[in-house]
Each structure stands twice: as C-alpha cells, then as structure tokens.
Amino acid sequence: MEGRPPQKHLALIIARELATQLATAMFIADAQGRLVFYNEAAEEILGKTFAEAGTMAAEGWTSQFRLEELDGTPMSLERMPAGIALMEQRPAHGKLWMTGLDGQRRLLAVTAVPLFASETEVVGMIALFWQSTPDDP
Amino acid sequence: MRFGGNTPCVEVRTPNGGLLILDAGTGLRQLGEQLDTDCPVHLLVTHLHLDHVEGLRFFAPFWHPERELHIWGPPSPVHTLEERITRAFSPPLFPIEISDTPAKVTFHDVPREPWELEGVRIEAQTVSHPGPTLGYRISSNGTSMAYIPDHEPVLGIELADLEPEWISGHALAEDVDVLLHDCQFSEGEYPSRVGWGHSSVAHAVAFARRADARRLVMFHHDPNRSDDGVDVLVERAQELWGDSSEDAPVAASEGMTLELS
C-alpha cells in the first residue's frame, strides 16, 4: 500500500516477538540502523515507552539516548556495541553510560548481535542490555 | 471424503497457458499423470517439510528426459535449495540420486524481488513457520492470489495490536482476490499447539481481514479432522468473517477450481 512502511523482514518480526516475551531489555534496529522496537524491560532503562518514543533513525536514537564512554566522553556510533554490530557486522559487547529519556544516567552492559538472514544479508541488529556496576566484568 | 486426501499441491494455469504448481505434496503424483501439456513446469515450493515435497519423487515429468522442470523455493541461511532438496532425493530416504533423474531440472533459490514467470508476476516472502518457509503472491492483469499454506502469523502477540508491516505475510496477502491460508486448528486446539507453525481459524480470519483479502480459502486441514469437523471450522470462520456475502470463507477441497478474472 502506498505510503505504508515496507513489510519487515521475518527475522525482525520474530525478534520483536521474542523481545515481547523477555524480561531482559532488548532493542531492535533494522539494517539502516533505524530503531524499530524496544521491549518493556528496555522502557524501564531508556526512560520512555516505545509507543511514546516511536521509531527513530540512527542519528535520532544515538543523540536522544546520550551515550558516554566509561570516562564520561561522548561515545560515537562506531564505538557502540550496536554500531559495531551494524557497521562491522560482528557481535560486540561493552559497557557505557547512558542518560535515558527520563534524565537518569545509568551504567549499562550491552551485547549486540547482527541479524544475518543469509551469509551476506544483514537485516538488522538486536542489542540486549542491563544495568551494571563498575565492578562487574 | 469431501475435503483433503492429499497433502498440499495446487495447480495454477496462467492466462498465457503456462503451468505453475504450488507445493509438491502427495497431490503432485496425480497431477503429473493428468498433465496435458509439454510446457515447462514451474514448481514453487513453500518449504521442505515432507508434506510439501512428498510428491516430488513420484511426479511423472521428473522421469521424462525431454521435460523441463524448474523448482523454486527457499534456501536456508546457509544452504541452497538444491542442496536441501538433494537430501530428500538420496539414500536412505530414496534409492535414486537427484542427479540421476532424467528430466532437465533447474533449481532456483527464490529472488528477493518480484519476478515474472509465464506472464504473471510472482512475489515470495519468508513467513512465520518453523524452518525457512515462503508464502507466494501471484498477480496478473489486475487480479491476484496469495498462497500461505503453513503460517502462524503471530506468536505471543495479538494480531489486532500490530501495525501491518509487522504482521508476517501481510504484504503478500494485501488486497488479494483470493487467499489460500493455513487454517489447521480450531480455537480450542490452538493453545496446546502454539509454536507448531499453524493457524487457528481465528488467526486465519483475522489475518485475511487485516490484509483486506477479498476471499479466504481455508487450507492445510488437520489430517485427523473429519469432513464434518472441517464443516464446523468453516461455520466458525464465516461467523468470524462477519457477513454472509458470497465471498464468505470456504474450505479447500480436492479438485476445487477457482477462476480469477
């Protein structure tokens, strides 16, 4: 239908179904880096419901969720686990500071994985994340 | 027997006389014997569960050296369609290797973009069912049909709560004249079969309605269901459909013919 967003790849649809069943925070981006969904557990950490936040281009979510290195310097998309998963197409794990849409600054551990639908086709990325402490490995 | 009898296999004749066959279930054996044309055969397979490929080995054109067969279907994320089908055509499952069959067989991993076959437009997309599984949409001269025989459109989410682009298979079925769709379970049976990859009658109707399909043909009957049991599902589908027009849901049956114009 004209003007309607294109059909999502089945891997993203199933990822969203998985996310809705998890108590672990999960964030899903499409192949262009566009935020397409996060679950209720992520809403607690990101500070806003997905219904309120809506879909966002990569520039949108990387600026709205203020992300910093452990030393407090701003973290570029290329350094974020989610960015590495999308741009380098490999899994990545790391810790970072994030200031959510509720203004709270939290230390997070993030594991991001690219979604390969075939050997060469990445259709998106999922990132699982949880609150951490400086002492956690 | 009024319904069923064979596993999925649907013959499609295109306006230019071309032959497409949707799935290679047990009905394919009988179809192969009745074929009245020597034109190339295009077999469009949704997935490789046995009920959808069981007839392939007994399809007469496979055993004629002059026949041209094109088999279209889903690759897995790591194996081509040919590699995957070859397994079903080799010992111990079958005595003869596929490379030893006489017909001229070409395998095609379905393209990501729509393509033309025999003068009609084909679109294939992966849909929600265990293992790599496709649904097909066939369009020609302003008419269209969708074939999604094995499909569990939502898992753990209400269909009504999803935007169309998040509903598995929606783009295939949108605004089609006829939708052949999975309707294996009753609403009472479904809760104990979640994740099996099939729809309840409520799913089938809700999916068809969300896609604005004009007619629903209930497909993939449970092999244990009696004819009377299928009648009960049809009554329920018509009740859920909500109006008593001529286009109310019907159950697919052996030999059923639908003409789209």
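In this text the structure is predicted, and so the values were computed from the model without any measurement.

Observations regarding the overall build of chain A
Across its full length, chain A carries 5 helices and 6 strands. Reading the helices (α) and strands (β) of chain A from amino to carboxyl end gives α-β-β-α-α-α-β-α-β-β-β. Seen along its three principal axes, the alpha-carbon backbone of chain A occupies a region of about 45 × 35 × 25 Å. Within chain A, the proportion of its 137 residues that are buried is 50%. In chain A, 45% of the contacts between residues at least 6 apart in sequence involve partners at least 24 apart. Here chain A has roughly 6900 Å² of accessible surface; of this, 53% comes from carbon and sulfur atoms. Distance between charge centroids for chain A: 3 Å, based on 11 positive and 18 negative side chains.

Describing the interface of chain B and chain A
Listed per partner, the contact involves 24 residues of chain B and 19 residues of chain A. Buried area between chain B and chain A, both sides added, is near 1800 Å², and the carbon and sulfur share of it is 52%. When the buried area of chain B at its contact with chain A is split by residue, Arg112(B), Glu165(B) and Trp166(B) rank highest and sum to 39% of it. Taking the shortest distance from any N to any O, the salt bridge between Arg112(B) and Glu121(A) comes out at 3.1 Å. Contributions of two or more residues to the side of chain B that touches chain A are made by strand E7 (120–126) and helix H4 (170–173) of chain B. In terms of residue class, the side of chain B that touches chain A is made up of 12 nonpolar, 7 polar and 5 charged.

With respect to unusual backbone geometry
Comment: phi is negative for the bulk of residues other than glycine, and the bulk of peptide bonds are trans. All names here are of chain B. In this model, proline 91 is joined to proline 92 through a cis peptide bond whose omega is 5°. Here proline 92 shows up in the loop between helix H3 (81–88) and strand E5 (104–109). Even without glycine at this site, glutamate 118 takes up a positive phi of about 50°. Examined against the element boundaries, glutamate 118 turns out to sit in the loop between strand E6 (115–117) and E7. Even without being glycine, asparagine 141 reaches a positive phi, approximately 50°. Given a relative accessible area of 71%, asparagine 141 falls into the exposed group.

Concerning helix H6 (residues 227–241) of chain B
Residues lying three or four places apart along an α-helix face the same way, a consequence of the helix completing one turn every 3.6 residues. All names here are of chain B. Under the 1.5 Å per step criterion, the end-to-end length of H6 is 21 Å for 15 residues, consistent within 8% with the ideal 21 Å. Within H6, burial applies to Asp227, Gly229, Val230, Leu233, Val234, Ala237 and Trp241. Along H6, the residues classed as buried sweep out an arc of 155° about the axis, all on the same side. Along H6, exposed side chains directed more than 90 degrees from the buried face belong to Asp228, Val232, Glu235 and Glu239. Each element contacted by the buried residues of H6 is listed here: helix H5 (201–210), strand E11 (216–219) and strand E12 (250–251). Taken from the residues just after H6, glycine 242 is the one with a positive phi, measuring 95°.

Some details on the packing of aromatic side chains
All names here are of chain B. Summed over all chains, the structure comprises 12 aromatic pairs over all chains. Pairing phenylalanine 62 with phenylalanine 89 gives two aromatic rings, centres 5.2 Å apart and planes at 40°, and the pair type is tilted. A residue pair is termed long-range when its members are at least 10 positions apart, and phenylalanine 62 in the loop between helix H2 (50–53) and strand E4 (68–73) and phenylalanine 89 in the loop between H3 and E5 qualify at 27 residues. Neither phenylalanine 62 nor phenylalanine 89 differs from the other in exposure class; each is buried.

Here's the deal with the pattern of salt bridges
Residues and elements named next belong to chain B. If you walk through the whole model with that rule in mind, you get 19 salt bridges over all chains. Note that aspartate 36 and arginine 13 form a salt bridge whose closest N and O atoms lie 3.2 Å from each other. Highlighted residues: aspartate 36 in the loop between helix H1 (27–34) and strand E3 (41–44) and arginine 13 in strand E1 (residues 10–13), separated in sequence by 23 residues. For aspartate 36, a relative accessible area of 65% puts it in the exposed group. Take arginine 13: its relative accessible area is 38%, and that puts it in the partly exposed class. Where arginine 67 meets aspartate 38, a salt bridge forms, and the shortest distance between an N and an O atom there is 3.8 Å. Pair noted here: arginine 67 is in the loop between H2 and E4 and aspartate 38 is in the loop between H1 and E3, with a separation of 29 residues, a long-range link.

So, H3(B)
Residue and element names in this part refer to chain B. Among the residues making up H3, those that are buried are Leu81, Arg84 and Ile85. Projected down its long axis, H3 carries its buried residues within an arc of 90°, all on one side. The secondary structure elements touched by the buried residues of H3 are E4 and E5.

Section: empty space enclosed by the protein
In this structure the tally under the stated criterion is 2 cavities of 30 Å³ or more. Approximately 180 Å³ is the volume found for the largest cavity. Around the largest cavity sit 14 residues that line it, and Phe27(A), Trp61(A), Leu67(A), Val110(A) and Phe129(A) are the ones nearest its centre. If you list the elements that add at least two residues to the lining of the largest cavity, you get helix H5 (81–87), strand E4 (92–99), strand E5 (105–116) and strand E6 (122–131) of chain A. One number sums up the size of the second largest cavity: a volume of about 30 Å³. Lining the second largest cavity are Ile13(A), Arg16(A), Glu17(A), Ile157(B), Leu162(B) and Trp166(B). Residue classes in the lining of the second largest cavity are distributed as 4 nonpolar, no polar and 2 charged.

Cut-off values and rules
Counting restarts for each chain, with residues numbered from 1 along the sequence as it is written. By the order in which they are written, chains take letters starting at A while ligands take numbers starting at 1. Residue-level local features of this predicted model are given only where pLDDT is at least 70; pairs of side-chain atoms are given and counted only at 80 or more, and the full residue set underlies all totals for whole chains, interfaces and linings. Calculated side-chain values reflect all of the structure's heavy atoms, with hydrogen atoms and water omitted. The numbering of helices and of strands both runs from the N terminus, where a helix is a DSSP run of H or I of at least 4 residues and a strand a run of E of at least 2. Buried, partly exposed and exposed residues are distinguished by accessible area as a fraction of the type maximum, computed with a 1.4 Å probe on protein chains only: under 20%, between the cut-offs, and over 50%, respectively. Here a residue-residue contact requires only that any non-hydrogen atoms of the pair lie within 4.5 Å. Methods summary: accessible areas were calculated by the Shrake-Rupley approach with a probe of 1.4 Å, and residue burial reflects only the protein chains presented. Residues counted as positive are Lys and Arg, residues counted as negative are Asp and Glu, and His and the chain ends are not counted. For the purpose of locating charges, the reference atoms are NZ of Lys, CZ of Arg, CG of Asp and CD of Glu. Buried area is a sum: the accessible area each of two parts loses on coming together, probed at 1.4 Å, counted once for each and added. Salt bridges are identified by distance alone: a Lys or Arg side-chain nitrogen within 4 Å of an Asp or Glu carboxyl oxygen. Polarity classes work like this: nonpolar for Ala, Val, Leu, Ile, Met, Phe, Trp, Tyr, Cys and Pro, charged for Asp, Glu, Lys and Arg, and polar for all others, with Gly in that last group. Residue count minus one, scaled by 1.5 Å, sets the expected span of a helix. The arc refers to the directions leading from the helix axis to the C-beta atoms. What counts as a ring pair is set by centres within 6.5 Å for rings of Phe, Tyr and Trp (its six-membered ring), and what kind of pair is set by the plane angle: stacked under 30 degrees, edge-to-face over 60, tilted for all other angles. Here a cavity denotes grid points, spaced 1 Å and computed from the protein atoms alone, that fit a 1.4 Å probe unable to get out, and a pocket denotes an open set having protein on both sides within 12 Å along at least 5 of 7 lines; residues with an atom within 4 Å of a point are the lining. Grid points are joined across faces, edges and corners, and a volume is the space filled by probe spheres set on the points.

By themselves, these figures tell us nothing about what the structure is for.
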